[in-house]
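Below, each chain spelled out in residue letters.
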Amino acid sequence: MTYRINDLDVPEDNPFQYDSLDRRPVVEFLSELIGRLNGPFVMALDSPWGSGKTTLVRMLIADLQRKEFQCVYFNAWKVDYITDPLVALVSSIDRIDLGGDEAANNFRSRLKTVKKVTTLLAKRWVMAAIKASTLGALDLEKEYEAIASELTANTVGDIVDAFNQEIELLEKFRAELEAAVKQLPNVGKKANLVFFIDELDRCRPTFAIKLLERIKHLFDIQNIVFVLSIDKQQLEAITAAVYGSGINAPEYLRRFIDLEYGIPAVHPERYTEALIERFELTPVFAKRKDQGAVYDEENFVEFFTMLADAVGLSLRARERCITRLRVVMDQTPANHDLDPILVALLIVLRSNKPDLFSRVVSGEASAETVMEYLYSLPNGEEFRTGRAGIIIDAYLIVSDPNHDRRQKRMAQLNKEATGSKLPEVQQHASDLLDMIGNLKDGFRGEIRLVSVAKKIDLAAMVKPQ
C-alpha cells in the first residue's frame, strides 16, 4: 500500500524518463537559456508553492549536467536555522568534486582560501551583532573576548579600520572564488557555475533577505549564475515582514533578480492521472472495472480535477487528496459502489472547506447549499449551466441524509419541470430529475453520503508531510 509518494525519480542519464507532466519543453528551453547567459546573473523561476518547482529544477540540473555544466543545489529551507547563509552557501560549493588533476587541485586551493575568509567574515559579523545587541554588557569568555577585540572596534578610528579590513576581506573572497570558478573549463566543464537556490520562500524572513543580500554583494562575480526557485508573491510578503508594509517589495526584489520566468502550470487532468499511477491506484481501479465499475477511474479523474481547479488546490494539496482516496479505496471492496463523483466532491470539500463538509455530513447543509458554494467560485458558472453541476447536484439530492428535505426537493423539482413559466428553470429541473433517475437505476445499492464521508474523515487523519 502506498500512502506517501517519494520524490519523482530523475535519472541523470535520462532526466525525462518519468516526465508524466510533459515538463520537457520547459526544461529544455530553460537549459538553453541558461547556457547562453554570462555570469554574474540571477534568474528567478516563479510559480506558487506546491506547484512542482523542485521536480522541474531537478530535471533542469540533470539536463545541464549532461551538457557539462557544474551545478550546485542548495535547499535554503533546510539550513535556515543558521545565523548567516554565507557559511552554508560556501559549504555547498565545497562539496564540488572535480577530480584530482592540476586544475582540480587549483580549484580546491582557491576554495580553501574562500573558506578561511568566510570564517573570518562570519566571526566578524557575529561578534559585531553581539556587541550591537548587548552594548558591551555581555560578559564574554576569554577566547571570545579575544576575537571581539580583534574583529570589533571601540573607537571611531578603529571602526574605520575595521570597515577597511572588511572591504579587503570581501575583495579577497570574490577574487579567490572567481579564480576557483575559472578552473572549470580546465576540467572539461562549461565556464559558468550554475547555483540553484530552492525553497527560498519557505525560509525565515530575515534569513531569506540575508541570503539575497549575500548573493548580491559577495557572489556578483564572473561565471556564476544563480537560479532562484521562488513563489514571488510569498517572497514579496517576506520582504514586507522584514522591512515593513510600506516598502515597495517588487521594486526592492528587482535589485537582486535580473530575469524572471513564470513556470507554466501543469495540465491538471494529467497531473491527477499521474498521482493515481504513483499511488499505485491504477491496478485497484482495474480490479473494480473487472467487477463492473467501468467508469470509476474516469469519473473520479474528471470530477476531482474540475473541483480541485475550481477551488484552487495546489499540487501539494491535490497530492494529499489522492492520499485520502487511497485510504477510501482500501476500505471499499471491489464489488461495492465507490461513488467516485461523490468521493471527489467530499475529498475536495474536506480539504478546502472543512466547515461545509461537516455541515453536509451532519445533514445541516442541503444540496442547494453546496451548489450555491460551487456557483460562487470564480469559474462557478460551469457548475450552474453545465452537465457536471447537474451530476453533482443529483448525487447530493439522492444521498441527502435528511429524508424529509430530500422528498421536499424532489417535489419542488417535479413542480418546476411541469409548471415553471421559465424555460431555463423547467429544463434544469427536467435534466436534474433525469439524472437522479439514472443514478437510482445504475447503482447496486443506495448512495449513502454519510458512509462515504466517514471514510474520507478517517482518511483525513492520514497526514503525509
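Our subject is the structure that appears above.
Computed from a predicted structure; not experimentally measured.

Regarding the packing of helix 14 (residues 340–352) against helix 16 (residues 367–376)
In the contact formed by helix 14 and helix 16, the axes pass within 13 Å of each other and the chain directions differ by 70°. Taken together, the axes of helix 14 and helix 16 are roughly perpendicular relative to one another. Of the residues in helix 16, those in contact with Leu-345, Leu-349 and Asn-352 of helix 14 are Val-370, Tyr-373 and Leu-374. Considering only residue class, the contact of helix 14 with helix 16 consists of five nonpolar, one polar and no charged.

Observations regarding the pairing of strand 2 (residues 70–75)
The element strand 2 is extensively covered by neighbouring structure, given that five of its six residues are classed as buried. Sheet topology places strand 2 next to strand 3 (residues 193–198); six bridges connect them, and they run parallel. Bridge assignment links Val-72 to a residue of strand 3, and that residue is Phe-195.

Concerning the nonpolar core
Judged by nonpolar contacts, the single largest core of 70 residues is most densely connected at Phe-300, Phe-304, Leu-325, Leu-374, Ile-392 and Leu-396. Apart from the residues within four sequence positions on either side, Leu-374 is in contact with Leu-307, Leu-345, Gly-380, Phe-383 and Ile-392. In this structure, Leu-111, Leu-177, Ile-209 and Tyr-252 belong to the second largest nonpolar core, which totals 50 residues.

With respect to the pattern of salt bridges
Tallied over the full model, the rule gives 24 salt bridges. Residue Arg-24 pairs with Glu-28 through a salt bridge whose shortest N-O separation is 2.8 Å. Remark: Glu-28 and Arg-24 occur in helix 1 (residues 24–36); sequence separation between them is four residues, near one turn of the helix. Taking the relative accessible area as the measure of exposure, Arg-24 reaches 39% and is therefore partly exposed. Judged by its relative accessible area of 28%, Glu-28 is partly exposed. Residue Glu-364 pairs with Arg-359 through a salt bridge whose shortest N-O separation is 3.5 Å. Overall, Arg-359 belongs to the partly exposed group, its relative accessible area being 31%. What emerges from the salt-bridge pattern is a single network uniting Asp-63, Arg-66 and Lys-67.

What about the packing of aromatic side chains?
As enumerated under the stated definition, the model contains nine aromatic pairs in all. Residues Phe-74 and Phe-195 carry aromatic rings whose centres are separated by 6.4 Å and whose planes lie at 70° to one another, so their mutual orientation is edge-to-face. Separated by 121 residues along the polypeptide, Phe-74 in strand 2 and Phe-195 in strand 3 bring together distant segments of the chain. Relative accessible area serves as the criterion here: at 0%, Phe-195 is assigned to the buried category. Here the aromatic rings of Phe-195 and Phe-226 are separated by 4.9 Å at their centres, their planes lie at 20°, and the arrangement is stacked. Pair noted here: Phe-195 is in strand 3 and Phe-226 is in strand 4 (residues 224–230), with a separation of 31 residues, a long-range link. In this pair, the class of Phe-195 matches that of Phe-226, namely buried. Through successive ring pairs, a cluster of aromatic residues spans Phe-74, Phe-173, Phe-195, Phe-219 and Phe-226. Note that Arg-350 overlies the ring of Phe-357, its terminal NZ or CZ placed 5.8 Å from the centroid. In this structure, Arg-384 packs its charged tip against the face of Tyr-375, placed 4.2 Å from the ring centre.

Criteria and thresholds
Residues numbered from 1 in each chain as written. Predicted model: local features only at pLDDT ≥ 70, side-chain atom pairs only at ≥ 80, totals over all residues. Heavy atoms only, no water. Axes fitted to C-alpha atoms, helices over the stretch in contact; angles between N-to-C directions. Helix = DSSP H or I, 4+ residues; strand = E, 2+ residues; numbered from the N terminus. Parallel < 35°, antiparallel > 145°, perpendicular 65-115°, else oblique. Contact = heavy atoms within 4.5 Å. Nonpolar A, V, L, I, M, F, W, Y, C, P; charged D, E, K, R; others polar. Buried < 20%, exposed > 50% of the residue type's maximum accessible area, 1.4 Å probe, protein only. Pairing = 2+ DSSP bridges. Core = buried A, V, L, I, M, F, W, Y, C linked by side-chain atoms within 4.5 Å. Salt bridge = Lys/Arg side-chain N within 4 Å of Asp/Glu carboxyl O. Phe/Tyr/Trp six-rings, centres within 6.5 Å; stacked < 30°, edge-to-face > 60°. Lys NZ or Arg CZ within 6 Å of the ring centre and 35° of its normal.

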